[in-house]
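# Fold and geometry: a report
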Amino acid sequence: MADLAELRAVLAAAEDAARAAGQALRDGGGDFEGVERSEGRDIKLNADRAAERIIIDRLTALVPAPILSEETGWTAAAGDKVWVVDPLDGSANYNRDIALCSVSIAWVENGRPVAGVIYEFLSDRLYSGAVGLGAWLNGKPMSVADHARTEDSILFTGLAINRDFSAQALGDFAAGFARWKKVRMIGSAATSLAYVARGAADAYFEDSIMFWDVAAGCALVEAAGGRFSIAGDSMDMPVCVHADNGKLWTL
């Protein structure tokens, strides 16, 4: 794992890039207007690519490393240490003026997220954290909630576009909801995980979600005292993710 000085440099670079992209997304206009593509359950906005260009330029200038980003894919051959970027998580929400979307930037070492920044730019909430350093919301320390029973806890989840939508699969998915006090779907995996990290929610689960959607959030959860599990074969293929406050699942 990176030493603490490197992690601090990584967080500073990610915070800079997230704020720059978030400000541009908040302002809108120009290259940030319009729908690039809408097919089936997926939507891509011009804003996704415009924000990505800002992030890649900033990260490359501040802490050079291979970058895996949702729109471009790999900028260079993968190494032991890489950036993983979702420039706009919650594109459909952003497109419909629903204020549940964020910029998500992770630092990943040997396939495991160890640092993350998530910026809810419409509400100006900057989540930042690294394993071994801690986690912060707008500069103030944050930590996971302490609920120990699902009956007292809030689960965040979602229906990724890659998942099985058969009646059997959806029935199996919903069967466990009765165990939880509340279940929420907000249309942004990154934001959902940030809420677990700050203790507003207790757990997150999603199947067939892309790694870049969850990498930064998983790092934040662990940095804030929780834990996560990512099951999948590759950083550019769908994965299954569990994250919680450390007391609700055996991961």
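### With respect to unusual backbone geometry
A positive phi angle, near 60°, is found at Asp97, a position not held by glycine. Looking at where Asp97 falls in the secondary structure, it is placed in the loop between helix H3 (91–95) and strand S6 (102–109). Positive phi, normally seen in glycine, also occurs at Asp124, with a value near 55°. By secondary structure assignment, the location of Asp124 is in the loop between strand S7 (112–120) and strand S8 (125–130).

### Things to note about the sheet that holds S6
If you walk across this open sheet you meet the eight strands as S4-S3-S5-S6-S7-S8-S9-S10, and the pairing is mixed. Among the strands making up the open sheet, the edge pair consists of strand S4 (73–74) and strand S10 (140–141). Running over the sheet, helix H1 (residues 4–27) touches strand S5 (81–89), S6, S7, S8 and strand S9 (134–137) and is turned about 30° from S7. Here helix H2 (residues 46–62) sits on the sheet and contacts strand S3 (67–69), S5 and S6; the angle it forms with S5, its principal contact strand, is near 150°.

### With respect to the packing of H1 against H2
Interhelical geometry of H1 versus H2 gives an angle of 155° and a closest axis separation of 9 Å. In terms of their interaxial angle, H1 and H2 are classed as roughly antiparallel. Where H1 crosses over H2, the handedness of that crossing is right-handed. Here H1 contributes Ala13, Ala14, Asp16, Ala17, Ala20, Ala21, Ala24 and Leu25 to the contact with H2, which in turn contributes Ala47, Ala51, Ile54, Ile55, Arg58, Leu59 and Leu62.

### Quick word on the nonpolar core
In this structure, Val84, Val108, Tyr204, Ile209 and Val214 are the most contacted members of the largest nonpolar core, which totals 39 residues. Listed by contribution, the elements that provide at least two residues to this core are S5, S6, helix H5 (189–197), strand S13 (203–210), helix H6 (211–223) and strand S15 (238–244). Sorting elements by how many residues they give to this core places H6 first, with nine residues. Not counting residues within four places of it along the chain, the set of residues in contact with Val214 comprises Ala189, Leu193, Tyr204, Ile209, Val239 and Val241.

### Focus on the pairing of strand S1 (residues 35–39)
By the bridge criterion, four bridges tie S1 to strand S2 (residues 42–45) in an arrangement that is antiparallel. When the bridges of S2 are listed, Arg37 appears paired with Lys44.

### So, the packing of H5 against H6
Running from amino to carboxyl end, H5 crosses H6 at an angle of 5°, the nearest separation of the two axes being 8 Å. Between H5 and H6, the crossing angle belongs to the class labelled roughly parallel. Within the contact between the two elements, H5 uses Ala189, Ala190, Leu193, Val196 and Ala197 and H6 uses Asp213, Val214, Gly217, Cys218, Leu220 and Val221. Residue classes in the contact of H5 with H6 are distributed as nine nonpolar, one polar and one charged.

### A few points about the environment of Val241
Within the secondary structure, Val241 sits in strand S15. Look at Val241 and you get buried, because its relative accessible area is 0%. A sequence separation of 10 residues divides Val241 from Ala231, and the C-alpha atoms of the two residues are 6.5 Å apart. Among residues more than four places away in sequence, those in contact with Val241 are Tyr204, Phe205, Glu206, Ile209, Val214, Cys218, Ser229 and Ile230.

### Brief notes about the packing of aromatic side chains
In total, this model carries five aromatic pairs according to the counting rule given. Judged by centre distance (4.9 Å) and plane angle (70°), the ring pair of Trp83 and Trp107 falls under edge-to-face. Of this pair, Trp83 sits in strand S5 while Trp107 is found in strand S6, placing the two residues 24 residues apart along the sequence. An identical accessibility class is assigned to Trp83 and Trp107; each is buried.

What counts, and where the lines are drawn
- Residues numbered from 1 in each chain as written.
- Predicted model: local features only at pLDDT ≥ 70, side-chain atom pairs only at ≥ 80, totals over all residues.
- Heavy atoms only, no water.
- Helix = DSSP H or I, 4+ residues; strand = E, 2+ residues; numbered from the N terminus.
- Pairing = 2+ DSSP bridges.
- Contact = heavy atoms within 4.5 Å.
- Axes fitted to C-alpha atoms, helices over the stretch in contact; angles between N-to-C directions.
- Parallel < 35°, antiparallel > 145°, perpendicular 65-115°, else oblique.
- Left-handed = near helix turned anticlockwise from the far one by under 90°.
- Core = buried A, V, L, I, M, F, W, Y, C linked by side-chain atoms within 4.5 Å.
- Buried < 20%, exposed > 50% of the residue type's maximum accessible area, 1.4 Å probe, protein only.
- Nonpolar A, V, L, I, M, F, W, Y, C, P; charged D, E, K, R; others polar.
- Phe/Tyr/Trp six-rings, centres within 6.5 Å; stacked < 30°, edge-to-face > 60°.

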